[in-house]
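Report on the structure
Listed below, chain by chain, are the residues.
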Amino acid sequence: MNNAIPFHLLERTNGADTHLVHTGRTPSVHGGLVNTPVCRGSTILSSTLEEWESRKTPENPMASYGRFGNATTRAFETAIAEMEGGYASIVFPSGLAACTHTLLALVKPGDHVLITDSAYGPTRTFARNVLQRLGIEVEFFDPLIGGGIAALMRPATRVVFVESPGSMTFEVQDIPAIAEQAKRHGALVVMDNTWASPIYFKPFEHGVDISIQAATKYIVGHSDALLGVATATREAWELLRAGAHDFGQTAGPDDLFLALRGIRSLSVRLRQHQANGIVLAEHIAAHRAVHRVLHPALPGSDGHALWRRDFLGASGLFGVVLKPMPRPQLSRFFARLELFGIGLSWGGFESLVLPVDTPQRATRAPDLPGPLLRVHAGLENASDLVRDFCGALDAAAA
Ligand SMILES: *Cc1c(COP(=O)(O)O)cnc(C)c1O
């Protein structure tokens, strides 16, 4: 099992362990408490007219009203901005809200937006339903396009939205090559960086302008809260901040507290998710019922070279394409699983497996001779996970 884990990659994130313990908390301003407390509140009182006036200046809206956040919000946003390597962050009530409001903050009617064909399904639906209705032209591009995206750039192209690896199909994108072309044509690069988390991909080192986390996944890490966050470079921050505030989005302090708690163990959890995911994927790939495993950390897999070049590790989420399997056999597979839950989302401590409908694609149809499964390797013992999953595949194939 040991030689399956790319330890040389893990070492590249060593600084993260220490950073995650100390970021986003200041005990001295909270009576010595180790953790930033859950601050509740809408109204923030001023004691003098002068204090009130100083608080309501446009440069300092955060200090005047609960909708702009409080100490709990700031602690989380600061921690995320540092982890992502950006200038500042802003919270949203869900990962999808972070995606949609970031896009809305940047575009106007007549603009052209390029979105990876492998984007998270609801982001894609939002682009088709809402952006198009607002007069913004949406075009989906092949996630493997790389620098070839130059041919799709137009004077009206405002945003290039990337997500790597892609949702459900796990294509690794050449983000630096795409960002170079976007920059050349005056477009902003927005990335959904949820799969890698800020620990395993550093978006701003690869040309991204705004990075989004569905914090619901690895950052919260325990399947007990929904939360989103977007982080910008100094240049893009004002656009993001103003655009988001205009919509009045907030996140509750209890969810922010859970996310801050999640951050403390994020790198430790990710090591186990990574190791379990790789071991599980290797065993699944060798099973006779399996056509292909979609996991960029497996040597020889599609996207492995790019993943190795740009990423610092792999999370526990990957795809499995089964050989053609009649419905009763697929039911038997799911019925036999004991450790894997059947359900949406991922990034929690528990393992999940989800049957996936054929993903919508505008550029190239995915190679799916049989059913597609999305697997999340949780924090259980790797051998137990392998036994459970492969045992269920045996039962299905028998
Ligand atoms: C889950 C997910 C989202 C949405 O997050 P929610 O908090 O569920 O709204 C966005 N992007 C990706 C890649 C996701 O997996």
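Here is what the cut-offs are and how they apply
Residues numbered from 1 in each chain as written. Predicted model: local features only at pLDDT ≥ 70, side-chain atom pairs only at ≥ 80, totals over all residues. Heavy atoms only, no water. Helix = DSSP H or I, 4+ residues; strand = E, 2+ residues; numbered from the N terminus. Rg over C-alpha atoms; globule rule 2.2 N^0.38 Å. Buried < 20%, exposed > 50% of the residue type's maximum accessible area, 1.4 Å probe, protein only. Contact = heavy atoms within 4.5 Å. Areas by Shrake-Rupley, 256 points an atom, 1.4 Å probe, with all protein chains shown as cover. Lys, Arg positive; Asp, Glu negative; His and termini not counted. Charge placed at Lys NZ, Arg CZ, Asp CG, Glu CD. Salt bridge = Lys/Arg side-chain N within 4 Å of Asp/Glu carboxyl O. Domains from an automatic or database assignment. Buried area = accessible area lost by both parts, 1.4 Å probe. Core = buried A, V, L, I, M, F, W, Y, C linked by side-chain atoms within 4.5 Å.

Turning to the overall build of the protein chain, a few remarks are in order. Scanning the protein chain for helices and strands turns up 14 helices and eleven strands. A globule of 398 residues ought to have a C-alpha radius of gyration of about 21 Å, and the protein chain, at 22 Å, matches this closely. Along the longest, intermediate and shortest principal axes, the C-alpha atoms of the protein chain span 80 × 55 × 40 Å. Buried residues in the protein chain amount to 56% of all 398 residues. The long-range share in the protein chain, meaning contacts at least 24 apart out of those at least 6 apart in sequence, stands at 75%. Element-wise, carbon and sulfur atoms account for 54% of the exposed surface of the protein chain, whose accessible area totals about 16,400 Å². Each charge class in the protein chain can be summarised by its mean position, and for the 35 positive and 38 negative side chains these summaries are 2 Å apart.

Here we take up the pattern of salt bridges. The final tally for this structure, using the stated rule, is 18 salt bridges. The shortest N-O distance in the salt bridge between Arg-364 and Asp-142 comes to 2.5 Å. Taken as a pair, Arg-364 in the loop between strand 10 (352-356) and strand 11 (372-376) and Asp-142 in the loop between strand 3 (137-141) and strand 4 (157-163) lie far apart in primary sequence, 222 residues in all. Classification of Asp-142 as buried rests on a relative accessible area of 18%. With a closest N to O distance of 3.8 Å, Asp-394 and Arg-288 form a salt bridge. Here the residue Asp-394 occupies a position in helix 14 (residues 382-397), and Arg-288 occupies one in the loop between helix 11 (266-285) and strand 8 (290-294), the gap between them amounting to 106 residues.

To continue, consider the domain arrangement of the protein chain. With domains assigned, the protein chain is organised as domain 1 (7-264) and domain 2 (266-397). The C-alpha-based centres of domain 1 and domain 2 are spaced at 27 Å. Ranking the residues of domain 1 by area buried against domain 2 places Trp-195, Tyr-200 and Tyr-218 at the top, with a combined share of 22%. Counting across the interface, domain 1 meets domain 2 through three salt bridges.

Moving on, we come to the nonpolar core. One finds Phe-76, Val-160, Leu-280, Phe-333 and Phe-389 to be the most contacted residues of the largest nonpolar core, which totals 84 residues. For this core, the two domains that each supply at least three residues are domain 1 (7-264) and domain 2 (266-397). Counting residues in each nonpolar core, the second largest holds 31 residues, with Ile-90, Phe-92, Leu-131 and Ile-212 among its members.

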